Every structure is written in C-alpha cells, then in structure tokens.
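Survey of secondary and tertiary structure
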Amino acid sequence: MKNKRKNFLSLTLLMFIISLTASAQKDYKLWLQYDKITDHNLRTKYLSEIQGIVSFGNSETTAISSKELQTALTDMVGTTISVKSKLDQSSIIIGSQTSLNSEILKAAQIDFNQINDEGFILKSISIKNRKHILISGKKDVGVLYGVYSFLRLIQTNKSIENLNTIDSPKTNIRILNHWDNLDRTVERGYAGFSLWNWQKLPDFIDQRYIDYARANASIGINGTVLTNVNANALILTPQYLEKVEALANVFRPYGIKVYLTARFSAPIEIGGLKTADPKDADVINWWKEKTAAIYKRIPDFGGFLVKANSEGQPGPQNYNRDHVDGANMLADAVAPFGGVIMWRAFVYSEHDANDRAKQAYAEFQPYDGKFKENVIVQVKNGAIDFQPREPFHPLFGAMPKTPLMMEFQITQEYLGFSTHLVFLPKLFQEVLESDTFQRGKGSTVAKVIDGSLYKNKITGIAGVANIGNDINWTGHPFAQANWYGFGRLAWNPYLDAETIADEWLKCTFSTDENFIRPIKQMMIDSREAVVNYMTPLGLHHIMDTGHHYGPGPWVSNLSRPEWNPVYYHKADKNGIGFDRSKTGTNAVAQYAPEAAHIFDNLETCPEKDLLWFHHVSWDYKLKNGHNLWDGMALKYQEGVNQVKAMQETWNKTEKYVDSERFKEVKMLLNIQYQEAKWWRDACLLYFQQFSGKELPSGVEKPTQTLEYFQSLKFPFAPGN
Ligand code: BDP
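Residues numbered from 1 in each chain as written. Predicted model: local features only at pLDDT ≥ 70, side-chain atom pairs only at ≥ 80, totals over all residues. Heavy atoms only, no water.

**Things to note about the overall build of the chain**
For the record, the criterion: Every helix listed is a DSSP run of H or I at least four residues long, and every strand listed is a run of E at least two residues long, numbered separately from the N terminus. We call a residue buried when its accessible area falls under 20% of the maximum for its residue type, exposed when it is over 50%, and partly exposed in between, using a 1.4 Å probe and counting protein chains only. What sets the accessible areas is the Shrake-Rupley method with a 1.4 Å probe; for residues, cover comes only from the shown protein chains. Counted as positive: Lys and Arg. Counted as negative: Asp and Glu, with His and the chain ends omitted from the count. A charged residue contributes its charge at one atom only: NZ of Lys, CZ of Arg, CG of Asp or CD of Glu.
Secondary structure assignment for the chain yields 22 helices and 14 strands. Among the 720 residues that make up the chain, the fraction classed as buried is 61%. When the accessible surface of the chain is split by element, carbon and sulfur atoms take 51% of a total near 28100 Å². Measuring between centres, the 79 positive side-chain charges of the chain sit 5 Å from its 78 negative side-chain charges.

Laid out in structure tokens, this is it:
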C-alpha cells in the first residue's frame, strides 16, 4: 500500500514536471509551435496534399528548409512526412532556380524575374498528372522564406490548394539592433541578460543562437547588430572578433548577416592612435585595415551601425568634422567588401535647448546628397524618443537624395517594460501610414522606407530588440508578438497590424476563433490603452527619468533642460503642452507645407497630437465638448478601464491556453492594471496643481497623495 502510494506520488510529480517543461517549451517555441491540427478533416485534407518532401540543392540552408518542413508538417498533421528522392506521390518540392531539374522548371513555368534575390514563389504544379507544391526562389534563402510562409498557411489553417504566391521583401536590410553590452547587461533590456555569451564563445555554441537565427529567418529578418549603440571598442579586437565570427557562422545559413556598432574613438582606444579624426590618414588607414581584418573572418559581414556625437558618444564633431565626414570615411572602408554604414540621426545638441524635437532635422537635413552610396541614415520613428505616441519624424521624406532607414524600438523602454501588454505593430503601422506630403499626397513614410518614393538603392528597417535570455525570450509572452510583427512589417511595411495579430495568435496559441476574436481585439486596443494611461492627447516624455519606469511629470532638477519631463509638458496655470506651432518653436515648419499646416492649425491638428504641437488652456474645448482638463482626466481613466477590460478578456481564455502562459499573462495584466492606475493618479494629481479643477465624474479618486508618488524611487529598475 505504502509503495503504491509512493509510486502514485512520484508519478504525479513526474507528470507535473513534464507538464511544466512542456509549458516552458511553449514559452520558448515562440510562434513556431506547430501544434497538431485539431480539426480531423482539415488534417486529412492536408495529408492528401502533402505526402512527401522532395528537396533539391545541398546547401546548409536547403538542409534547414527541408528539416523545418519535415518536423513542422509531421507535428501538425500528426503523421511522419518523409523526405524522398522521387516524385511518386503528391509532394512539397523545394529548391532554388538553379537547383531544380528541367522537368520541374518546365512544369512550373515560373518567371524568376518577378522576385528579388530574397523572394520566393509558392506554386501548385502538376507533373505527370500528379499535383505538387513547389517552393522556390532565386536563392536558397528565398526558398527558406518560402518554406516559412507555406508553413504559416498551415499554422493558420489556410487552404494550400491552387497556390500561386509571389513575394519579395520590400526592404533590403531587415535588422535587429541589440543594445547588448559585453558584460551581458542589455541597455533598455527587460528580458534578462544578453543572449551572447561572450565568455564561452567561440568554442561553445549555445543552442539558443541557432534557435534565435531560426526564429528571425521565419519572419524574414536578415541582419543583426550584436552590440549596443553606446559602443565598446573592444568588440573590434581580435579576441572578440573571433567570437563574432562564430556567431556569424551560426547565422549565415539562416540568411542573417552580422553587423557591429563602431565606436568612433576606437582608433585611439584600441588602435593606439592619438586621434580619431576622420580626415587623418592614419585613422583612415586604421579603419581600412580593421575592416579588412573583419571581412577576412566574416566575408559577408554587413557593416557598422554608428551613434556619433549623441549623448556623450564620440564622433567626428570632436575634431571639428561633421557627420558626413565620419560616415563617409567608414563607408569607404567597408565599400570594397559590399558593406554598409548605418549612421544614426538620433542627435540632440548639448548647446541648443530651443526644441529637442527640431534638432535631428536641423543637423541632418542639410547633408542630403552628401553621403556616400553605401551610407543609410537611421532615423527613429519620431523626433523625440520612442514614446507611446509621436508624430512621424520630419526627416522622413525630407532627404530625397539620401536613403533613410526606420528605427523602431521593440523593447518597451517607455511603454511599461516587459510587464505591459502593448501590441506595437499598431504603433508601427500608424507611423508607416503617415503621409509626409513630401512629394504630394500619398507620400507615406512606408514609401520613403521601401525606397519607392525616391528610388533609393538601399532600404531598411531596424528594430531595437526586446530579446534576452529569459525562457520566453521577451519577458512577456505577448511581447513575442512585437518581435514577430516587427519582422513581418520589415518584410512588408504595408501589412496591417490586425493581420499580423491574427497570424501571430494562431501560430502561437490557438486557431480557435472563439479565442482569436476577443484576443486579437485586445491586442489591437492595447496600444491606445497605453497612450491613454501614460501620455494622452500628445503628452510625451513624462516618464520618471533615467530608467523611464513609471510617471515622473514633476521631475525638473536635471542639469540639461531637455532631460526633464517639465520641459516636455510645460504645464502651468494657463494650460499645458509644447507649443511647436508657428507662434512657438515652429517645429511644424520642418514638415512639408501640407503636413505643417495640419499640425499648426488647432482646427486640423489631430487631437491625439494636440499637446505635442500646442500649448492650450485648461478650458480649451475638445471635439467631444469636454474642456481639456476633463478630457485629459477621462482619457487617463479610459486607459485604466481598457486594461481592466483586457484582464476580463484574458480571464475567459483559460480553456484555450496552456496553464503556464495563461497564468503568466494573467499576473502581468494585473501588474499592468496597478501601474495604469499609478500613472493615472500620479499624473492627474500633479497636473491638477496647475489646472486647479476637480476631477470630472467618471474618474476614480486617487488613493494616494502626490507626495507619495513623488517619493517612489527605483534604484534598480532594469535596463538602465
Ligand atoms: C534612448 C535611450 C538610451 C539610448 C538612446 C539611443 O534611453 O538608452 O542609448 O535612446 O537611442 O531612448 O541612442
């Protein structure tokens, strides 16, 4: 009896452990769950269309494509799908243009000119009266992208009959920027430590590197900057380059190029030179030799990302040179090898506090046409800094002769870290769809970014990664959707956030429409919720300073004016908001006249951007009839209510989701709810001192005093 009981107990324990690990694996597997399709009929149908895999080509990439197909299909249809050498059954045929045999090429009738080097074609074909599905591209990497695209059809339970999809990425550089330090801390990272274990590299290859590459390839990301923009020159020493080389070798078969950040003063710090002046012959030579040494190890090295003369980083201005001198010097060094320089426009002068929002444009726009061909200027989505909402950056569209790449922030520095559920593709889409009017109506940011507006040769989108060594990669299970969505939008900046949410949910959780419908809506609404409870109506940068965790609209004691939230909201007895109109700093003038007019004019300025562009009185009448104070207070309350609704929605999903992820999200939403209330109460109590008005009905009374909120300190907030 005793033994029986013991056995029973150990069995229960074992099952508990198995279910825990299975759950943790679900967290780890991202959108590549490949769960068995629940609908029996659908499974049978797929099975009749896919009886085998026939693969052409013998590259590592082809092997990856074939293995991915095999394991994924086997898991999803629940029967082993094998790789064969003959087309004796309906098969998935994979192979690039050059590796397919003539019989298949003839049957397929594909015009490969319709795609670019990374593009793919999914086509139903028939050979000897037997139906097959061909996944092809000009190159093996295109085939790999095609494989993931095909698998996504099945993951989302779509039909695979009569396929004829032709797809190419619309941008060349689809890249993650890791703000990872060599000590493995991650600047603005909220998902653990850096994935790169520099100490164990190059000889120890963590399985995670491979899984990372696979996940990126599955969404079309083709580049990664391994190191922080606040750079450390040591990464360019042989000791570290050997490790970088090892990573590059892992990533290469997945179509991912490695890039590094270049610290401008590296020639001094690790080269023993006296200067880093970009016009100095020794400096020029040092970079040439350094670059050649990198390419010797990594022939497909992508190039450098540079933050120069910004927030204390060294740069050409230290030597009375300018950004063009600096960027072009490096561009010359990488040009013989086909490398690019991504030069960041995130600058704001220490001497000119007139309006920080104007500074990047003021400094960079005059350089239009002066950069070398292989320089691309990397511009943040908005003119200040990755806020919950910013109008699009005025540089977009304003440099017709210079390729500009987008920099989005996937990591949620200003949006609740990895604790708040915020679906960022909604934010990204809003920016990409914005009309710059630079070449007339319809000159959207997306058209600047994909190069179609000005016919740029190089194009790109960067996302500051939200990835760390947490089991689930991104800290919050739903933050995985932001990595996913970034990749999908980098591939196609015209994709709709709703489509992305739909895909991601089905690939990650469940295809059950009873789950998808409400949760998709929850994701879509989550972006506006965070704007409402943090920075409604165009408010910005009122987070507590340094770590940016929680509200700090009262902070006013930092040495530079633009480091202080009071600089951004300018609340006083007369009203609130930053006057960037003609009568203020005239930042609006940096936009094309049509856009400038819209923003400048109180009648036409979208209310969501009101306090970004205007200082208005507390009695200013909003479109809904409320005065500004009431309207603002109600927005804060609405944000809180939205999070409450998100909680309610999530609580109904227990039966569709594994217990671990269900609980994780539930706990995180609870924190988000508490923090949304914190934001609402702290901001309203603070602004109330200026408005002198009562809270309108419908807004809950704060449960703490302003002094209490002001006394909160977070010396160990992550990511700082
Ligand atoms: C700000 C971050 C800071 C980054 C900087 C940048 O607070 O950590 O170094 O941007 O983008 O958002 O360079």
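**Comments concerning the pattern of salt bridges**
Close approach of charged atoms allows side chains with opposite charge to pair. Definition in use: For salt bridges, the criterion is a side-chain nitrogen of Lys or Arg within 4 Å of an Asp or Glu carboxyl oxygen.
Taken as a whole and assessed by the stated rule, the structure comprises 36 salt bridges. The salt bridge involving Arg580 is made with Asp355; its shortest N-O contact spans 2.9 Å. One end of the pair, Arg580, is in the loop between helix H17 (565-569) and helix H18 (593-600); the other, Asp355, is in the loop between strand S11 (340-344) and helix H11 (356-364), and 225 residues separate them in sequence. Of the charged contacts, one joins Lys635 and Glu638 as a salt bridge, the two residues approaching to 3.8 Å between their closest N and O atoms. Here the residue Lys635 and the residue Glu638 both occupy positions in helix H20 (residues 628-651), the gap between them amounting to three residues, near one helical turn. Here the salt bridges share partners, and the residues they tie into one network are Arg389, Glu430, Arg527 and Glu528.

**Comments concerning the domain arrangement of the chain**
Short version of the rule: All the domain ranges listed were derived from an automatic or database domain assignment. Contacts are residue-level and defined by heavy atoms, with any inter-residue pair within 4.5 Å sufficient. Values labelled buried area give the accessible surface lost by two parts on being combined, using a 1.4 Å probe and summing over both. What qualifies as a polar contact is a pair of N or O atoms within 3.5 Å, subject to a donor-acceptor requirement within protein and to the restriction that residues adjacent in sequence count only when both atoms come from side chains. Note that Gly is not counted as nonpolar here; it falls among the polar residues with everything else outside the nonpolar set of Ala, Val, Leu, Ile, Met, Phe, Trp, Tyr, Cys and Pro and the charged set of Asp, Glu, Lys and Arg.
Under the domain assignment, the chain is made up of domain 1 (40-167), domain 2 (173-495) and domain 3 (532-578 + 615-711). In this structure, domain 2 and domain 3 have C-alpha centres spaced 31 Å apart. Across the boundary between the two partners, domain 2 contributes 25 residues, which contact 26 residues of domain 3. Note on domain 2 versus domain 3: buried area summed over both sides is about 2100 Å², and carbon and sulfur give 61% of it. The three residues of domain 2 that bury the most area against domain 3 are Tyr414, Thr419 and His420, which together make up 24% of that side's buried surface. Counting across the interface, domain 2 meets domain 3 through zero salt bridges. Inspection of the region where domain 2 meets domain 3 yields nine residue pairs in polar contact (both at pLDDT 80 or more). Residues that form the side of domain 2 that touches domain 3 fall into these classes: 10 nonpolar, 10 polar and five charged.

**Looking at the site of the ligand**
Rule in force here: A single heavy atom is enough: if one lies within 4 Å of a molecule or strand, its residue is considered near that molecule or strand.
Taken together, 14 residues are adjacent to the ligand, and Glu187, Lys307, Arg344, Asp385 and Glu413 come closest. A distance of 2.6 Å is found between an oxygen atom of the ligand and a side-chain nitrogen or oxygen belonging to Arg344. Considered on its own, the ligand offers 310 Å² of accessible surface; in the complex 97% of this is hidden by protein. Here the residues of the shell around the ligand sort into four nonpolar, two polar and eight charged.

**Some words on the sheet that holds strand S2 (residues 82-84)**
By way of backbone hydrogen bonds, the strands of a sheet pair with one another, either parallel or antiparallel. Note the following rule: By definition, two strands form a pair when at least two bridges between them are found by DSSP. Every axis corresponds to a line fitted to the C-alpha atoms, with the helix fit spanning only the stretch in contact, and the corresponding angles, defined between N-to-C directions, vary from 0 to 180 degrees.
Reading across the sheet, the six strands line up as S2-S1-S3-S5-S4-S6 and stay open at both edges, with mixed pairing between neighbours. Each edge of the sheet is formed by a strand with only one pairing partner; in this case those strands are S2 and strand S6 (164-167). The mean angle between the axes of side-by-side strands here comes to 30 degrees, regardless of whether they run parallel or antiparallel. By the bridge criterion, four bridges tie strand S4 (residues 120-127) to S6 in an arrangement that is antiparallel. When the bridges of S6 are listed, Leu122 appears paired with Thr165.

**Examining the packing of aromatic side chains**
Here is the rule we go by: Only rings of Phe, Tyr and Trp enter the pairing, Trp through its six-membered ring, and a pair is recorded when the two centres are within 6.5 Å. The plane angle decides the type: under 30 degrees is stacked, over 60 is edge-to-face, the rest tilted. Charges are assigned to positions over rings by a cutoff of 6 Å between ring centre and Lys NZ or Arg CZ, combined with an angular limit of 35 degrees from the ring normal.
One pass over the full model with this rule turns up 49 aromatic pairs. Aromatic side chains Trp287 and Phe304 sit 5.8 Å apart centroid to centroid with 70 degrees between the ring planes, which places their arrangement in the edge-to-face category. With a gap of 17 residues between them, Trp287 in helix H9 (residues 281-297) and Phe304 in strand S10 (residues 303-306) connect regions that are remote in the sequence. What links up through ring pairs into an aromatic cluster is the set Tyr28, Trp31, Trp196, Tyr209, Tyr212, Phe251, Trp473, Trp483 and Tyr484. One Lys or Arg, Lys200, reaches over the ring of Phe204 and ends 5.1 Å from the middle of that ring. When the ring centre of Trp473 is taken as origin, the NZ or CZ atom of Arg208, which lies over that ring, is 4.1 Å away.

**Some words on the sheet that holds S11**
Strands sit in the order S7-S8-S9-S10-S11-S12-S13-S14 around a closed barrel of eight strands; the barrel is parallel. Between one strand axis and the next, the sheet turns through 25 degrees on average, direction left out of account. The pairing of strand S7 (residues 173-177) with strand S8 (residues 223-225) spans three bridges and is classified as parallel. Counterpart to Leu176 in the pairing with S8 is Thr224.

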